[in-house]
Amino acid sequence: MTTSTPPLREAARFIVLDEDDRILLLRYDENGGFWATPGGSLEDTDGGDHAAAVLREMSEELGVDQEAIELGTQLAERSKDHLVGGHQVRQAEKYFLARVPAAAIDAG
């Protein structure tokens, strides 16, 4: 019996801290619901650059202007098989530290 490896999905995630060192987590409703750091998959416009993906995702998910972001170093990597949009993938994630003033985040 052989099992196939799910398709690779490269992702950039970010650990967001505000000026009081509070961490931001987002609540996702898929797969029974879970809390996670913001982030998402790399897109062609990112040019394979995880840091570029972090900046794009922060704008898309949090409404943060890139000038408000103090992007730090990569902190961690992990790989995990899970469902994304109902399809099994092997997600390879790189985590970055990002400091953003709380007032710069669009919580709506």
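My aim in this report is to walk through the structure given alongside it, one point at a time.

**Section: the overall build of the protein**
Here is step 1: Summing up its helical and strand segments, the protein has 1 helix and 7 strands in all.
Here is step 2: Overall, the protein shows an N-to-C arrangement of helices and strands of β-β-β-β-β-α-β-β.
Here is step 3: Referenced to the eigenvectors of the C-alpha coordinate spread, the extents of the protein come out at roughly 55 × 30 × 20 Å.
Here is step 4: Buried residues in the protein amount to 31% of all 108 residues.
Here is step 5: In the protein, the proportion of contacts linking residues at least 24 apart, taken out of those at least 6 apart, comes to 59%.
Here is step 6: Approximately 6600 Å² of the protein is accessible, and the part contributed by carbon and sulfur atoms is 50%.

**Some points on the side chain of Gln91**
Here is step 1: You can see Gln91 is positioned in strand E7 (residues 87-99).
Here is step 2: A relative accessible area of 2% places Gln91 in the buried class.
Here is step 3: At 2.4 Å, the side chain of Gln91 and the side chain of Arg9 are in polar contact.
Here is step 4: Once residues within four sequence positions are removed from consideration, Gln91 is found in contact with Arg9, Ala11, Arg13, Arg78, Ser79, Lys80, His82 and Val84.

**Observations regarding helix H1 (residues 50-62)**
Here is step 1: An ideal rise of 1.5 Å per residue puts 18 Å on 13 residues; H1 measures up with 17 Å between its terminal C-alpha atoms.
Here is step 2: When we look at burial in H1, the residues that qualify are His50, Ala53, Val54, Arg56, Glu57, Met58 and Leu62.
Here is step 3: Gly63 sits one or two positions beyond H1 and adopts a positive phi of about 70 degrees.

**Side note on the packing of aromatic side chains**
Here is step 1: Applying the stated rule across the entire model yields 1 aromatic pair.
Here is step 2: Between Tyr28 and Phe34, the ring centres sit 5.2 Å apart and the planes meet at 15 degrees, which makes this aromatic pair stacked.
Here is step 3: Phe34 sits in the partly exposed class, given a relative accessible area of 29%.

**Details of the pattern of salt bridges**
Here is step 1: The final tally for this structure, using the stated rule, is 9 salt bridges.
Here is step 2: A salt bridge links Asp18 to Arg22; the nearest nitrogen and oxygen atoms lie 2.6 Å apart.
Here is step 3: The class of Arg22 is partly exposed, set by a relative accessible area of 48%.
Here is step 4: For Arg22, the salt bridge goes to Asp20, with nearest N and O atoms at 4.0 Å.
Here is step 5: You can call Asp20 exposed: its relative accessible area is 55%.
Here is step 6: A single salt-bridge network, built from bridges that share partners, covers Glu43, Asp46, Arg56, Glu57 and Glu60.

Quick notes on the rules
Residues numbered from 1 in each chain as written. Predicted model: local features only at pLDDT ≥ 70, side-chain atom pairs only at ≥ 80, totals over all residues. Heavy atoms only, no water. Helix = DSSP H or I, 4+ residues; strand = E, 2+ residues; numbered from the N terminus. Buried < 20%, exposed > 50% of the residue type's maximum accessible area, 1.4 Å probe, protein only. Contact = heavy atoms within 4.5 Å. Areas by Shrake-Rupley, 256 points an atom, 1.4 Å probe, with all protein chains shown as cover. Polar contact = N/O pair within 3.5 Å; in protein donor to acceptor, adjacent residues only side chain to side chain. Expected span 1.5 Å × (residues − 1). Phe/Tyr/Trp six-rings, centres within 6.5 Å; stacked < 30°, edge-to-face > 60°. Salt bridge = Lys/Arg side-chain N within 4 Å of Asp/Glu carboxyl O.

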